[in-house]
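# Observations on chain architecture
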Amino acid sequence: MEIIRIPRIMQDTSDDYVLRGRKIGFVPTMGALHEGHLSLVRRAKQENDIIIVSIFVNPIQFGHSEDFYKYPRDIEGDNEKLQREEVDIIFMPEISSMYPEGFLTHVKVEKISERLCGAIRPDHFKGVATVVTKLFNIVKPDRAYFGQKDYQQTVVVNQVVKDLDMDVEIIVCPTIRERDGLAMSSRNAYLDKSQREASIVIYKCLIEASELIKSGIIDAGYIKKIMHERLLKEPAVSGIDYAGVYDHTTFNELSEINGDLLLAVAVKIGETRLIDNILINVKRKR
Ligand code: AMP
């Protein structure tokens, strides 16, 4: 396994693979790797010749008051995990080589970037779209792997790829959960014991909502109300950014339940912001 830190060297290395007809599978991450990340690596390994994982805590996707500085970092642990998965290259650039002085260009996806997480974190998806575009230009992957856990991110990235004619296939992989249902996340490390126990309310709330929907309820406003009540009953939940039923492509809030739906939650447990979602399909007879 090779560690590359300089974008130009990563580009030259990828050029070489492309020239030799090797298919490159790419997993972009911010490190502090867990089984969720590794599931993407394993999927990439099944489908490509060369596996490249980037580890880069991208400053421009964090708001000023957010957790960029305290975001968990575990370079040694990450290296060990990726070595075990037989990854070919870790791309680990410095901030100054990704955003050198004079950097001026950003990628902004309209509308879908402004809903849900984007409504709470105004420049977040601009930062994501920009770094993903740069990483794709540097790594030159045939396929790139993302988790459904960050569902809105996958939709934004797909939009960038489509609108900017990028020649890369986006593969969305299922959310990997702890035994009790909590979606794995690097940020789970922030939770103390009682917060960790309380955090299962997020997945429980999603499952209960999906069961209510399957039982025939069509009023999305009612489902939203039940979701909020369920979350607020848990004293460790210090705030709800959003919780409800959304169109899975526009992220507009729905009033009636029909077709493909996104059930999504973003809450704060203490100071820690956690998100989760499930997609469901409901066919109503009219
Ligand atoms: P991050 O390091 O949080 O930026 O995540 C890197 C990639 O891993 C993103 O595509 C995430 O959606 C994905 N990911 C994070 N957590 C999970 C999870 N629990 N299951 C599946 N994919 C995940």
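Quick caveat, the model's predicted, so the values are computed rather than measured. For every chain, the first residue of its written sequence is number 1, and the numbers climb from 1 along that sequence. With pLDDT at 70 or above as the cut-off, local features in this predicted model cover only qualifying residues; side-chain atom pairs require 80 or more to be listed or tallied, and sums for whole chains, interfaces and linings still use all residues. With hydrogens and water stripped out, all remaining heavy atoms of the structure feed into the side-chain values.

## So, the sheet that holds strand S4 (residues 89-91)
Spatially, the six strands line up as an open sheet ordered S1-S4-S3-S2-S5-S6, and their pairing is parallel. Lying at the two open borders of the sheet, with one neighbouring strand each, are strand S1 (2-4) and strand S6 (169-173). Sheet twist, expressed as the mean angle between neighbouring strand axes with direction ignored, is 25 degrees. Two elements, strand S5 (residues 143-147) and S6, share five bridges in a ladder whose sense is parallel. Bridge pairing links Tyr 145 to Ile 171 in S6. Any two residues whose heavy atoms approach within 4.5 Å at even a single point are treated as in contact. Only the stretch in contact is used when a helix axis is fitted, and all axes are lines through C-alpha atoms; the angle between N-to-C directions ranges over 0 to 180 degrees. Helix and strand assignments follow DSSP, with helices taken as H or I runs no shorter than four residues and strands as E runs no shorter than two, numbered in order from the N terminus. Sitting on the sheet, helix H3 (residues 75-84) is in contact with S1, strand S3 (50-55) and S4, with an inclination near 170 degrees to S3. Sheet strands in contact with helix H7 (residues 151-163) are S5 and S6, and its direction is about 155 degrees off that of S5. DSSP bridges decide pairing: two strands pair if at least two such bridges lie between them.

## Notes on helix H2 (residues 35-47)
In this model H2 runs 19 Å from its N-terminal to its C-terminal C-alpha over 13 residues, within 8% of the 18 Å that 1.5 Å per residue would give. Between buried and exposed lies partly exposed: a residue is buried under 20% and exposed over 50% of the maximum accessible area for its type, with that area taken using a 1.4 Å probe on protein chains only. Those residues of H2 not exposed but buried are Gly 36, His 37, Leu 38, Ser 39, Leu 40, Val 41 and Ala 44. Expected span of a helix, by definition, is 1.5 Å for each gap between consecutive residues, and there is one gap fewer than residues.

## So, the environment of Asp 12
Relative to the helices and strands, Asp 12 resides in helix H1 (residues 7-19). For Asp 12, a relative accessible area of 39% corresponds to the partly exposed category. When the C-alpha atoms of Asp 12 and Lys 268 are compared, they prove to be 43 Å apart, with 256 residues separating the residues in sequence.

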